[in-house]
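# What the coordinates show
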Amino acid sequence: MIGWLWQRISGFVLLILLFIHLWKARTMPFNYEYLRIQLTTPKWVIFNILLLCLAISHALNGLWQIGQDYLMGKNKKIFSYFLLIIGICFILLGLSIFIL
Amino acid sequence: MKDYFKNLLNYRCSIGMLSWILMRISGLLLVIFLILHLWVIFYYHQRIIDFSHLLRWRNMSIIKVLEFFLILTICYHALNGVRLIFMDMGFLIKIQKPLFVTIIIISLIVAIAFVFPFPS
């Protein structure tokens, strides 16, 4: 139930955020300056981190729901922990772009 | 035998089933894209020298074609998600099938508009 609800909420927020993300990618000239602004301006850093966390949680929640359909018993639990570890790894990978 | 095929068409090949399976496939494709996207940004961020490769890639026509399909997938997934939210809340259930066709047409228009340059 909470997974279902989170999928709806994060999906709706992602719809707005991705629209802005794609609008920027479409209208601004794509060069190194563009990436530098994305990674250093505080407004866009918060925007991108929010986008990253919501996108990864939405994606892995979707994979978890597919797993609920096809897996049984113990495999379900192993799959859940596997997704949790993958999610933490990808969020750390994404955050390292802003920190390093 | 005739009844079997009739029932198969009724519940497997309905528009609801088609939208469900397309939603699942597009979701899986977007997960693959998200991983590639993060990996590419990470890679180019670590090696700034190679950034010119990325700029050269963006002008290739194959990338434009893939971009078209990417926007089509995102747009379908997003709009069908909105349709599902409305249906879960109990709205628009009577027009869900025409709405599905509308969503596909809107996705195609948006994808074409994204790939081709603006007229300005």
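Summarised in this report is the structure supplied together with it. (Residues numbered from 1 in each chain as written. Chains lettered and ligands numbered in written order. Predicted model: local features only at pLDDT ≥ 70, side-chain atom pairs only at ≥ 80, totals over all residues.)

Right, let's talk about the overall build of chain A for a bit. Of the regular secondary structure elements, chain A holds four helices and zero strands. The C-alpha atoms of chain A give a radius of gyration of 16 Å, which is well past the 13 Å a tight globule of 100 residues would have. Expressed as a percentage of the 100 residues in chain A, the buried residues total 10%. Summarising the internal contacts of chain A: among those between residues at least 6 apart in sequence, 73% fall at separations of at least 24. (Helix = DSSP H or I, 4+ residues; strand = E, 2+ residues; numbered from the N terminus. Rg over C-alpha atoms; globule rule 2.2 N^0.38 Å. Buried ≥ 20, exposed ≤ 12 C-beta atoms within 10 Å, placed from the backbone. Contact = placed C-beta atoms within 7 Å.)

Another aspect to go through is the overall build of chain B. Regarding its fold elements, chain B presents five helices and zero strands. Taken from the N to the C terminus, the helices and strands of chain B come in the order α-α-α-α-α. The 120 residues of chain B split such that 11% are buried. Intrachain contacts of chain B at a sequence separation of at least 6 include 73% that bridge at least 24 residues.

Another aspect to go through is the packing of helix α3 (residues 42-70) of chain A against helix α4 (residues 74-99) of chain A. All names here are of chain A. Here α3 crosses α4 at 165 degrees, and the two axes come no closer than 10 Å. The angle between α3 and α4 falls in the class roughly antiparallel. The way α3 lies across α4 gives a crossing that is right-handed. Across the interface between the two elements, Val45, Ile49, Leu52, Cys53, Ile56, Ser57, Leu60, Leu63, Trp64 and Gly67 from α3 touch Lys76, Phe79, Ser80, Leu83, Ile86, Gly87, Phe90, Ile91, Gly94 and Phe98 from α4. When the residues that make up the contact of α3 with α4 are grouped by side-chain class, the tally is 14 nonpolar, five polar and one charged. (Axes fitted to C-alpha atoms, helices over the stretch in contact; angles between N-to-C directions. Parallel < 35°, antiparallel > 145°, perpendicular 65-115°, else oblique. Left-handed = near helix turned anticlockwise from the far one by under 90°. Nonpolar A, V, L, I, M, F, W, Y, C, P; charged D, E, K, R; others polar.)

Attention now moves to the interface of chain B and chain A. Each partner contributes to the interface: chain B provides 16 residues, whereas chain A provides 17 residues. Residue assignment for the side of chain B that touches chain A shows that the elements contributing at least two residues are α2 (15-46), α3 (51-58) and α4 (61-89) of chain B. Classifying every residue of the side of chain B that touches chain A by side-chain character gives 11 nonpolar, three polar and two charged.

With that out of the way, let us pick up the environment of leucine 30 of chain B. Residues and elements named next belong to chain B. By the secondary structure assignment, leucine 30 is in helix α2. It is 22 Å that separates the C-alpha atoms of leucine 30 and phenylalanine 116, two residues lying 86 residues apart in sequence. Residue contacts for leucine 30: discarding those within four places in its chain leaves Thr73, Ile74 and His77.

Residue and element names in this part refer to chain B. For leucine 92, which is not a glycine, the phi torsion comes out positive at approximately 60 degrees. Tracing the chain through its elements places leucine 92 in the loop between α4 and α5 (96-115). Residue class for leucine 92 comes out partly exposed when judged on the 13 C-beta atoms lying within 10 Å of it.

Just distances and angles here, no functional claims.
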